[in-house]
Amino acid sequence: MKNTVEAPAPLPNETDVAIHAKRYLRQNGYIVIPYKRLFMMAARSLRVAWWWIFSLVLKVKGKILSHANEQRQKKIERAKTNLEESIRSEKILQEQLKALEEVAQKEKEKESVEEVSSEQTEPKSDLSAEQTESKPDLSAKIQELSLKETQDLSKVVTDDAPSSGNKRCKSCQTELPLNARFCRKCGAKVA
């Protein structure tokens, strides 16, 4: 007898096998998704998620930068206003200083004019008696003014000066001015 080997049946195309396998799995309740399609969907969803995250980060970064710029601008504006105020106050102080210097200079000029006028009004020993007799009205007026000034000064001095010894503290016997209400030494009330 001869050994005869039958040739195996021809294999169906891979696509037919894949189609039959998918049908069989679906009929038994399985979901069949090809790996290539699954990876493409996952890659697409990752790209979309990446762009969402990237745009969100850009928006947040933009808001943070705009807020920082606003704060910087506010600080710059505050510094400008402070600088302007200090410049204004410095100008005012300089004007006041100039005014005080002008007043002091005018007072010096007045004093120098008064000194010159007093030197001119004082009778000199070189002048003859006839020249001094021709100006008796001026010397009389100057004497009257000097008497009034001394009287005014004497009133001020007597009013402001505390009298000594008229009042004494009852507790420590310290001499006090007349207008004192409390003792300077012990602090007791003076009646």
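The sections below set out a description of the structure shown in this document.

Cut-offs applied
- Residues numbered from 1 in each chain as written.
- Predicted model: local features only at pLDDT ≥ 70, side-chain atom pairs only at ≥ 80, totals over all residues.
- Heavy atoms only, no water.
- Phe/Tyr/Trp six-rings, centres within 6.5 Å; stacked < 30°, edge-to-face > 60°.
- Helix = DSSP H or I, 4+ residues; strand = E, 2+ residues; numbered from the N terminus.
- Patch = residues over 30% accessible without salt bridge, like charges linked within 9 Å, V, L, I, M, F, W, Y side chains within 5 Å.
- Areas by Shrake-Rupley, 256 points an atom, 1.4 Å probe, with all protein chains shown as cover.
- Salt bridge = Lys/Arg side-chain N within 4 Å of Asp/Glu carboxyl O.
- Lys, Arg positive; Asp, Glu negative; His and termini not counted.
- Charge placed at Lys NZ, Arg CZ, Asp CG, Glu CD.
- Buried < 20%, exposed > 50% of the residue type's maximum accessible area, 1.4 Å probe, protein only.

**Some remarks on the packing of aromatic side chains**
Next up, step 1: Counted under the stated rule, the structure contains two aromatic pairs.
Next up, step 2: Ring plane angle 90° and centroid distance 5.8 Å describe the contact between tryptophan 51 and phenylalanine 54, whose orientation is recorded as edge-to-face. Here phenylalanine 54 and tryptophan 51 lie together in helix α2 (residues 35-121), a separation of three residues that amounts to about one turn.
Next up, step 3: Clustering of aromatic rings is evident, with ring pairs tying together Trp50, Trp51 and Phe54.

**Thoughts on the environment of arginine 184**
Next up, step 1: Here arginine 184 shows up in the segment after β2 (175-176).
Next up, step 2: It is 8.3 Å that separates the C-alpha atoms of arginine 184 and threonine 174, two residues lying 10 residues apart in sequence.

**What to know about a negative patch on the surface**
Next up, step 1: Taken together, Glu107, Glu111, Glu114, Glu115 and Glu119 make up a surface patch of like negative charges.
Next up, step 2: Within the secondary structure, glutamate 111 is located in helix α2.
Next up, step 3: When its relative accessible area of 47% is taken as the criterion, glutamate 111 is described as partly exposed.

**Here's the deal with a positive patch on the surface**
Next up, step 1: Where like charges cluster on the molecular surface, the positive patch consists of Arg72, Lys74, Lys75 and Arg78.
Next up, step 2: With respect to the secondary-structure elements, lysine 75 resides in helix α2.
Next up, step 3: Judged by relative accessible area, lysine 75 falls into the exposed class, the value being 55%.

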